[in-house]
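So you can see what is in the structure, the chains are spelled out below.
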Amino acid sequence: MTAAIETQAETTPVAAPKRRKRLTRVGILFAAPFLALLLFLWVVPVVNGFYTSLTDTNMAEGTGGFVGLDNYASLITDPDFHAALGNTALFVVLNVPVLVAVGLLLAMLLNQRLGGRGAIRAAFISPYLLTGAAVAIIWQTALNPLGGNVNQILGAIGMPEQAWLSTPGEAMGAVVLITLWWRVGFPLLVLLAALQDIPAQLYEAAKIDGANLWQRFRHITLPAIAPVLMLVVLLRLIDSFKVFEQVYLVTQGGPAGSTRVVLQMLYESGFRDFQTGYAAAIGWTLALVILVVTAVQLALTRRRAS
C-alpha cells in the first residue's frame, strides 16, 4: 500500500519536475567523462590552434607574439598557397565524382545474385583497411616507370608506357586512381546497405509495367538511396579536401609542385620551416573552405528535396 502511494506521488504534477531534474542530473553525471574528454582533447586544442594562427610563433625557437590577422593576409597574397589550394580543388573535382560513381556501380553489381559475391566484395573493401604507408609502397612499385606492373600491362597490350609519377599532367590522375583503389570500399559498403533496403517488389512491379533498366534506376533506385547518396558525397567531399597521405608519400607534391596540396603545405610550414602560426592559419583557412563548401552542398540538397 505504501509503495503504491509513493508511486502515485511521483506521477503527480508536483513530483514530475523533481523526477525530471533527478534524471537530468543522472544524465549529466553519465555524460561528464565524455564531455571532459571532449573539452580537453578537442575544444581546448581548437581554441589554442586558432589563437596560434593569430601569432608568429616559431616552434623551433619557442618565440612569437600576437600579430592579429597578418598570417591570413599573407595567405591571400601567397602564390604557393594559391597553387596548393588549386591542386586540392582539382583533386576534389576529379576524385569525388569518380569515387561515388564507381562505388555506386560496384554496389549495384554486388547487389545482384552473382557467384563469389563475398570474395569480390572483400577484394574491393580490403584496401580501405590499409594504412597510407602501405598504399604508397604498393603503388610506387606498381607505377614505377622501369618495370612497374602497370607499364608491363600496357606494354603487353601494345600501349606506350607512361612516367606516371614524374609527369605533371599525369601525376594528379595517378593520385586520383590510387585514392579510388584505396577508398572505394566506404561508399561501396554504405550504398550496398542502402540498396539492400529497397523492397524487391518495387522492381518486380516495374518490370511487369515494362520499365527498362534505366527507368528502374531513375525512378526507384535513385530516389530510394538519395539521402544516403548525398551523405556519401558530403563525407567524400570533406575527406578529399583533407587529402595528404597518398600525395605526400607517393609524389611528395611533385613533379614541379603539381600535386602539392594544402595539408602538405601546412605540414611543411609547421614541421619543416617551424612557422607554427602560419601553419595554423593555413589549417583554419582550409577548415573555413570545407565549411563553406559543406554548407553549399547541404543547401543544394535541401533545395532539391523540397
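Refer to the structure presented above.
Residues numbered from 1 in each chain as written. Predicted model: local features only at pLDDT ≥ 70, side-chain atom pairs only at ≥ 80, totals over all residues. Heavy atoms only, no water.

J.: Got a sec to walk through the packing of aromatic side chains? Specific residues and values, please.
T.: Applying the stated criterion across every chain yields a total of nine aromatic pairs. Ring centres 5.8 Å apart and planes at 35 degrees place the aromatic pair W214 and F217 in the tilted group. Remark: F217 and W214 occur in helix α11 (residues 213–241); sequence separation between them is three residues, near one turn of the helix. On the accessibility criterion, W214 (55% relative accessible area) is exposed. When the ring centre of W182 is taken as origin, the NZ or CZ atom of R183, which lies over that ring, is 4.2 Å away. (Phe/Tyr/Trp six-rings, centres within 6.5 Å; stacked < 30°, edge-to-face > 60°. Helix = DSSP H or I, 4+ residues; strand = E, 2+ residues; numbered from the N terminus. Buried < 20%, exposed > 50% of the residue type's maximum accessible area, 1.4 Å probe, protein only. Lys NZ or Arg CZ within 6 Å of the ring centre and 35° of its normal.)

J.: Go over the packing of helix α4 (residues 79–110) against helix α9 (residues 185–196), please, and point to the residues and values.
T.: As a packed pair, α4 and α9 sit with axes 8 Å apart at the nearest point and diverge in direction by 45 degrees. When the axes of α4 and α9 are compared, the pair comes out oblique. The crossing of α4 and α9 is right-handed. Side by side, α4 and α9 meet where L99, V100, G103, L104, L106, A107, M108 and L110 of the first sit next to P187, L188, L191, L192 and L195 of the second. Of the residues contributing to the contact of α4 with α9, the split by class is 12 nonpolar, one polar and no charged. (Axes fitted to C-alpha atoms, helices over the stretch in contact; angles between N-to-C directions. Parallel < 35°, antiparallel > 145°, perpendicular 65-115°, else oblique. Left-handed = near helix turned anticlockwise from the far one by under 90°. Contact = heavy atoms within 4.5 Å. Nonpolar A, V, L, I, M, F, W, Y, C, P; charged D, E, K, R; others polar.)

J.: Please set out the layout of surface pockets residue by residue, giving values where relevant.
T.: One number sums up the size of the largest pocket: a volume of about 590 Å³. Lining the largest pocket we find 15 residues, and of these N111, Q112, Y203, K207 and R216 sit closest to its centre. Elements supplying a minimum of two residues to the lining of the largest pocket: α10 (200–208) and α11. Per-class residue counts for the lining of the largest pocket are seven nonpolar, three polar and five charged. As a volume, the second largest pocket reaches approximately 210 Å³. Lining the second largest pocket are G49, K242, L266, A279, A280, G283, W284, L286, A287 and I290. Here the element with the most residues in the lining of the second largest pocket is helix α14 (residues 276–305); it accounts for seven residues. Of the residues belonging to the lining of the second largest pocket, the class tally is seven nonpolar, two polar and one charged. (1 Å grid on protein atoms, 1.4 Å probe; cavity = no way out; pocket = protein on both sides within 12 Å on 5 of 7 lines; lining within 4 Å. Points joined across faces, edges and corners; volume = space filled by probe spheres on them.)

J.: Explain a positive patch on the surface to me, and be specific about the residues and the numbers.
T.: Together, K18, R19, K21, R22 and R25 give the surface a local cluster of positive charge. One can find R19 in helix α2 (residues 15–53). Given a relative accessible area of 42%, R19 falls into the partly exposed group. (Patch = residues over 30% accessible without salt bridge, like charges linked within 9 Å, V, L, I, M, F, W, Y side chains within 5 Å. Areas by Shrake-Rupley, 256 points an atom, 1.4 Å probe, with all protein chains shown as cover. Salt bridge = Lys/Arg side-chain N within 4 Å of Asp/Glu carboxyl O. Lys, Arg positive; Asp, Glu negative; His and termini not counted. Charge placed at Lys NZ, Arg CZ, Asp CG, Glu CD.)

J.: Run through the pattern of salt bridges, naming residues and quoting values.
T.: Evaluation of the coordinates by the stated rule reveals four salt bridges. We note a salt bridge from D239 to R236, for which the minimum N-O separation is 3.3 Å. A residue pair is termed a helical-turn pair when its members lie 3 or 4 positions apart in one helix, as D239 and R236 do in helix α11 at three residues. In this structure, E268 engages R272 in a salt bridge whose closest nitrogen and oxygen atoms are separated by 4.0 Å. Of the two residues, E268 and R272 are both situated in helix α13 (residues 262–272); the distance of four residues between them amounts to about one turn of the helix. The buried category is assigned to E268, whose relative accessible area is 10%. Among the charged side chains, a salt-bridge network with shared partners connects R260, E268, R272 and D273.

J.: How would you summarise a nonpolar patch on the surface if you had to cite specific residues and measurements?
T.: A cluster of nonpolar side chains, contributed by L37, L39, F40, L41 and V44, occupies part of the molecular surface with about 510 Å² of accessible area. Since its relative accessible area comes to 39%, V44 is described here as partly exposed.

J.: I'd like a rundown of the side chain of N58, residues and numbers included.
T.: Along the chain, the position of N58 falls in the loop between α2 and α3 (70–76). Residue classification places N58 among the buried residues on the basis of a relative accessible area of 18%. Sequence-distant contacts of N58, that is, excluding residues within four places in its chain, are made with T63, D273, F274 and T276.

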